[in-house]
Amino acid sequence: MKNRSFFARNPSVVIFLVLLAGFTLIISLLSEGMGMGLISTSFIKTLGRTLCLCLIAVAMDLVWGYTGILSLGHFAFFGLGGYMIGMWLMYERTRDIVVTSMSNAQIPPTEQEVVDAIGTQIFGVVGSSDFPLIWAFADSLVIQLVLVVLVPGLLALVFGWLAFRSRVTGVYLSILTQAMTLALSLYLFQNDSGLRGNNGLSGLQNLPGVEASQAVVSVWFLWASALALGLGYLLAAWVVSGKFGSVIRGIRDDEARVRFLGYSVEGYKLFVFVLTAVIAGIAGALYYPQAGIINPAEVAPIASIYLAVWVAIGGRGRLYGAVLGAAFVSLASTWFTGGQVPSINLGFYRIDWIEWWLVILGLSFVLVTLFAPKGIGGLFDLIRKPGFPDRHGADYGPDRGSLQEKEGRE
């Protein structure tokens, strides 16, 4: 029994991966780009973005639901991942436009002239034409992909090391993470941040050098998002399944006792914080090319608060609960704010669901917290019957006279 494989000990992981693969296959077969054309390209993109939100929800559940760190800054890592890949996408797309426009010139332009023209196109909106230092590697896909992991990871490492070594915990740590996110957001709003200020990066849905239609590209991103979610879920499940998972649960429940037992609490918390920041960065790098645009508003603290609400509604401390919560809220938000729900005219007042959606979301969070603390994932507890350990007739406890297995089952 001790030598059972990881999947044998965690059948829920197998079920999740099978359902995710089946969902991706069915959606692909029904898509406009590669299937029967029953699902529009815009909805395919919505589903792809939803899978990315599910991935960052898994990261949030790992750091909050399992380790007990209520981070209100993980959407900052999500946004940084989007900015890193967005720089390459915008640079290469602008380069294609510039090269095409200069192709009819009598004298071929030099490489420096092309670069200057690209700079004018990108930064002219903020009154500049020079590339900031942070764009030094924007022409290299490989380096930008490395930065998708490296930038969020380094920020989380520095912040986490400073916070955890000072033993900041609880609400104070949450406030610090929120302050970090706010500082980053305010910096990005500035025109001299190097990332076009409030204008952000746009046109990210166009893949450089790819002539396929958006219908096909949307399916590609759906596949990539599903693969990332599957691997991220598998990694998170592996982390929480063994001794490491037991330690971080102990930190969540009684940090002082775990420290007394000799474990490096700060080291465990820092590892989880950095790991989840990297996962969030990867999710953002897949999300924003499907959204087509990223701006500093995406990094605002309110986004990280929404993330905590998703995980709470889904059921924190359950990886599948985080996925259910993020998927439910994302699709419900699209439905309510997309004008698909007809308004209700009461005569004296008109209920416009676009305006009332945030009220509904906040009310749902309050109701779940008060009456269903296990969230949507807790519904599975009503389906499953509580099991009993199979001790082959032995006592439940180590002492003579302990409750017998037969008596326990009765």
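Description of the structure in this document. What you see is a predicted model; the values in this text were computed from it and never measured. Position labels on residues start from 1 in each chain and follow its written sequence. The predicted nature of this model means local features are confined to residues of pLDDT at least 70 and side-chain atom pairs, given and counted, to a pLDDT of 80 or more, with totals for whole chains, interfaces and linings taken over all residues. Hydrogens and water are ignored here; the side-chain numbers use all heavy atoms of the structure.

### Some details on the overall build of the chain
Alright, step 1. By definition, any uninterrupted DSSP run of H or I lasting at least four residues is a helix, any uninterrupted run of E lasting at least two residues is a strand, and each is numbered from the N terminus. Of regular secondary structure, the chain possesses 16 helices and 4 strands.
Alright, step 2. In terms of its C-alpha atoms, the chain occupies a principal-axis envelope of roughly 100 × 55 × 55 Å.
Alright, step 3. Whether a residue is buried, partly exposed or exposed follows from its accessible area with a 1.4 Å probe, protein chains only, as a fraction of its type maximum: under 20%, in between, or over 50%, in that order. Burial status across the chain gives 46% buried among its 410 residues.
Alright, step 4. Pairs at least 24 residues apart make up 72% of the contacts formed inside the chain by residues separated by at least 6 positions. Any two residues having at least one pair of non-hydrogen atoms within 4.5 Å are treated as being in contact.

### Structural notes on a nonpolar patch on the surface
Alright, step 1. A surface patch of nonpolar side chains, amounting to about 590 Å² of accessible area, comprises I344, L346, F348, Y349, W356 and V359.
Alright, step 2. In this structure, V359 sits in helix 14 (residues 353-371). Patch membership is restricted to residues that have no salt bridge and whose relative accessible area is over 30%. Joining uses 9 Å for like charges and 5 Å for the nonpolar side chains Val, Leu, Ile, Met, Phe, Trp and Tyr. To measure how exposed things are, a 1.4 Å probe is used in the Shrake-Rupley method; for residues, cover is taken only from the protein chains shown. Between Lys or Arg on one side and Asp or Glu on the other, a salt bridge is scored when a side-chain nitrogen of the former is within 4 Å of a carboxyl oxygen of the latter.

### A look at the pattern of salt bridges
Alright, step 1. Throughout the structure, instances matching the rule amount to 7 salt bridges.
Alright, step 2. For the salt bridge of R252 with D253, the shortest nitrogen-to-oxygen distance reads 3.0 Å.
Alright, step 3. Notably, a salt bridge pairs E255 with K269, separated by 3.2 Å at the nearest N-O pair. Taken together, the residues span a long stretch of sequence, with E255 in helix 10 (residues 255-260) and K269 in helix 11 (residues 265-291) at a distance of 14 residues. As far as burial versus exposure is concerned, E255 and K269 are alike and both buried.
Alright, step 4. A single network of salt bridges, built from pairs that share partners, joins R167, E255, R259, E266 and K269.

### So, the environment of P132
Alright, step 1. With respect to the helices and strands, the residue P132 is situated in the loop between helix 5 (111-123) and helix 6 (141-165).
Alright, step 2. Of the residues examined, P132 reaches a relative accessible area of 25% and is grouped as partly exposed.
Alright, step 3. For P132, the contacting residues outside a window of four places in its chain are F123 and G194.

### Quick notes on helix 14
Alright, step 1. Looking only at helix 14, the buried set comprises W353, W357, L361 and V368.
Alright, step 2. The inward-facing, buried residues of helix 14 contact helix 12 (301-314), helix 13 (319-337), strand 3 (344-345) and strand 4 (350-351).

### A word on the nonpolar core
Alright, step 1. Within the largest apolar cluster, 116 residues are counted, with the highest numbers of intra-cluster contacts made by F75, W135 and L229.
Alright, step 2. It is helix 3 (residues 41-66) that provides the largest number of residues to this core, a total of 16 residues.
Alright, step 3. Those residues in contact with L229 that sit more than four places away from it in its chain are F16, L20, L51, C54, L55, V58 and V323. Nonpolar cores were defined as sets of buried Ala, Val, Leu, Ile, Met, Phe, Trp, Tyr and Cys residues, with membership established by side-chain atoms within 4.5 Å.

### Topic: unusual backbone geometry
Alright, step 1. Phi at R167 is positive, roughly 60°, even though this residue is not glycine.
Alright, step 2. Mapping R167 onto the fold places it in the loop between helix 6 and helix 7 (170-189).
Alright, step 3. We classify R167 as exposed; its relative accessible area is 53%.
Alright, step 4. The backbone of R196 sits at a positive phi, close to 70°, despite the residue not being glycine.
Alright, step 5. Mapped onto the fold, R196 is located in the loop between helix 7 and strand 1 (201-202).

The values reported here are purely geometric and, on their own, carry no functional implication.
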